[in-house]
Amino acid sequence: MKNPSRRVLIKGAAGLAAVGAPVVHAALAPAGFVPILAAAADISGKSGLTLISDRPINLETPPHLLDDDVTPAERFFVRNNGLAPETAEVSESEWGFRIDGEVERPLEWSIAELQRDFEPVTLRLALECAGNGRKFHRPAVSGQQWTFGAVGFGDWTGVRLADLLKKTGLKKSAVYTAHYGADRHLSGGEPAISRGVPIAKAIEPHTLLAWGLNGRPLPLLNGYPLRLIVPGWPGSCSQKWLTRIWIRDREHDGEKMTGSDYRLPAHPVAPGANVPDANMRIIESMPVKSLITFPATGARMRAGEGFEIRGHAWSGESALAGVDISTDFGAVWNAATLAAAQNKYAPRRFRATLRLAQPGYYEIWARARDAAGRMQPAATPGWNPKGYCNNMQHRIGLFAA
Ligand SMILES: Nc1nc2c(c(=O)[nH]1)N[C@H]1C(S)=C(S)[C@@H](COP(=O)(O)O)O[C@H]1N2
Ligand SMILES: [Mo]
């Protein structure tokens, strides 16, 4: 692959313009340079996202830009572990996907065959990176410093992986999946990431091979032309640019499956502790979480007048039970209204009417609860070596005048 990072580091001038202020030394910036504070990073069809890193490309969505029922493709966050394929390398008509390993019949399909031979389904599903919120862990942990926006809510169209596995058949020895995509490790040929899930999760009817997001083909940076969507589990299970699923007779040990990658300590540890690999467990279900998407933090409201606050709430394997809102640093909580769940893993809109009685500064906090009685904590929970699963409450600051 020739100079792979060039494709996304385009529009140098546009990138510099995106910071919203004159760039004093713009003439000295390297060609194609994307400023780290590009609040409106303009990278290959994305807009308004915050650049977390430029090699590989990682972009998060500010919470107030997640205020649509489904996240528009240009605002859908991007988590790349390696170098995304070039446009020229991803042709929908030439794409092949195969399933092999512990199956009765290894099979390969084109996208057209997937669309023709299986029942297409569209599901509204949340996709969240397990590292979302990593930035708030203390002591700090290395890795992409996500705040709140490594999450998106899409209407995903594709076919059930279970339906494909009915065609291939599964041998009794089938235990785990192993996912492969067409992107490359930063340092060369090997996969940047290859994760898998137990067979039970693979055949769960919400686990999809998706070619569509919100009724359009997937954006290139989100896995065009084919990706997995494994809802309720770390986003890393949802392989992009999917070319192969290898059915294995044991837990997969691919890139980012072992050590402390996408694993949590089996038992709570002191912040900063050294945790032996043997004491780490694979993250399966993601924790219950919510995000306030309107108003934007810093907004000015009229004192004494009612206004709507709204957001999204979602959960992993345990159903969402409710969302509460506080305007007084958590002293009093009131239940928000939750929209009906479209499916087991669908994000749900919450809404509440608030009134800020006196002029001044307020903080609005939101906390979601799940059916197992777990609730979002006020502060970052459970320090862990790679900073996963931070589901602390989201808060916004508002001024009443
Ligand atoms: N091929 C491939 N698939 C991948 C990744 C990747 O780097 N390469 N990143 C994973 C991670 S860690 C996450 S959180 C999700 C992010 O999906 P998105 O970039 O579409 O938001 O994709 C997953 N699938
Ligand atoms: Mo991720």
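These numbers come from a predicted model, not from an experiment.

What counts, and at which threshold
Residues numbered from 1 in each chain as written. Chains lettered and ligands numbered in written order. Predicted model: local features only at pLDDT ≥ 70, side-chain atom pairs only at ≥ 80, totals over all residues. Heavy atoms only, no water. Near = heavy atom within 4 Å. Polar contact = N/O pair within 3.5 Å; in protein donor to acceptor, adjacent residues only side chain to side chain. Areas by Shrake-Rupley, 256 points an atom, 1.4 Å probe, with all protein chains shown as cover. Nonpolar A, V, L, I, M, F, W, Y, C, P; charged D, E, K, R; others polar. Phe/Tyr/Trp six-rings, centres within 6.5 Å; stacked < 30°, edge-to-face > 60°. Helix = DSSP H or I, 4+ residues; strand = E, 2+ residues; numbered from the N terminus. Buried < 20%, exposed > 50% of the residue type's maximum accessible area, 1.4 Å probe, protein only. Pairing = 2+ DSSP bridges. Domains from an automatic or database assignment. Contact = heavy atoms within 4.5 Å. Buried area = accessible area lost by both parts, 1.4 Å probe. Salt bridge = Lys/Arg side-chain N within 4 Å of Asp/Glu carboxyl O. Axes fitted to C-alpha atoms, helices over the stretch in contact; angles between N-to-C directions.

This paragraph deals with the site of ligand 1. Within the structure, ligand 1 sits among 19 residues, and Phe77, Asn81, Asp183, Arg227 and Lys240 are positioned closest to it. Between ligand 1 and the protein, one listed contact pairs an oxygen atom with a backbone N or O atom of Phe77 at 2.7 Å. Here a nitrogen atom of ligand 1 and a backbone polar atom of Ser238 are 3.0 Å apart. When the free accessible area of ligand 1 is taken as 520 Å², the share hidden by the protein chains comes to 100%. Here the shell around ligand 1 is composed, by residue class, of eight nonpolar, seven polar and four charged.

What follows is about the packing of aromatic side chains. For the structure shown, the criterion picks out ten aromatic pairs. Their ring planes at 20 degrees and their centres at 6.2 Å tell us that Phe97 and Trp109 sit as a pair that is stacked. Of this pair, Phe97 sits in strand 5 (residues 96–101) while Trp109 sits in strand 6 (residues 107–110); the two residues are twelve residues apart in sequence, bridging distant segments of the chain. For Phe97, a relative accessible area of 0% corresponds to the buried category.

To continue, consider the sheet that holds strand 23 (residues 360–370). Ordered by their spatial adjacency, five strands build an open sheet running 17-24-23-19-20, and the pairing between neighbours is mixed. The open sheet has two free edges, formed respectively by strand 17 (300–301) and strand 20 (334–335), since each of these has just one partner strand. With two bridges joining them, strand 17 and strand 24 (residues 394–400) adopt parallel strand pairing. Of the residues in strand 24, the one forming a bridge with Arg300 is Phe399.

To continue, consider the domain arrangement of the chain. We note that the domain assignment places domain 1 (6–258) and domain 2 (289–400) within the chain. Its C-alpha centre places domain 1 at a distance of 27 Å from the equivalent point of domain 2. Contact residues are listed per partner, giving 31 residues for domain 1 and 33 residues for domain 2. Each partner contributes to the roughly 2,600 Å² buried at the junction of domain 1 and domain 2, and carbon and sulfur atoms together form 57% of this total. Joining domain 1 to domain 2, the criterion identifies five salt bridges. Between Lys289 and Glu128 there is a salt bridge, with its nearest N and O atoms 2.8 Å apart. Secondary structure elements with two or more residues in the side of domain 1 that touches domain 2: strand 7 (121–128) and strand 8 (151–160).

All told, the structure shown has 24 salt bridges when counted by the stated rule. With a closest N to O distance of 3.0 Å, Asp67 and Arg349 form a salt bridge. One end of the pair, Asp67, is in the loop between strand 3 (57–60) and strand 4 (78–79); the other, Arg349, is in strand 22 (residues 348–355), with 282 residues separating them in the sequence. Accessibility classification places Asp67 together with Arg349 in one group, the buried group. Note that Arg124 is salt-bridged to Asp155, the shortest N-O span being 2.8 Å. In this pair, Arg124 sits in strand 7 while Asp155 sits in strand 8, placing the two residues 31 residues apart along the sequence. Using a relative accessible area of 17% as the deciding quantity, one classes Arg124 as buried. What makes Asp155 buried here is its relative accessible area of 19%. One salt-bridge network, in which partners are shared between bridges, spans Asp67, Asp69, Glu308, Arg310, Arg349 and Arg351.

Looking now at the pairing of strand 23. Counting buried positions along strand 23 gives eight out of eleven residues, so the element sits mostly inside the fold. Both strand 19 (residues 320–326) and strand 23 contribute to a ladder of six bridges, which runs antiparallel. Along strand 23, the bridge assignment pairs Leu320 with Asp370. Bridge count between strand 23 and strand 24: seven bridges; the pairing is antiparallel. Looking at strand 24, one finds that Tyr361 is bridged to Phe399.

A few words now on the side chain of His394. Note on placement: His394 falls in strand 24. A polar contact of 2.9 Å, which involves the side chain of His394, links it to the backbone nitrogen of Ile292. Leaving out residues up to four positions away in the same chain, His394 has contacts with Pro63, Phe148, Ser290, Leu291, Ile292, Ile364, Trp365, Ala366 and Gln376.

A sheet is described by the order of its strands in space; here four strands give the open sequence 6-5-13-9, paired in mixed fashion. Every other strand in the sheet has two partners, leaving strand 6 and strand 9 (176–181) as the edge strands with one partner each. Geometrically, the sheet is characterised by an average inter-axis angle of 15 degrees between neighbouring strands, direction not taken into account. Here strand 9 pairs with strand 13 (residues 242–248) via six bridges, running antiparallel. Within the sheet, the bridge partner assigned to Thr177 lies in strand 13 and is Ile247.

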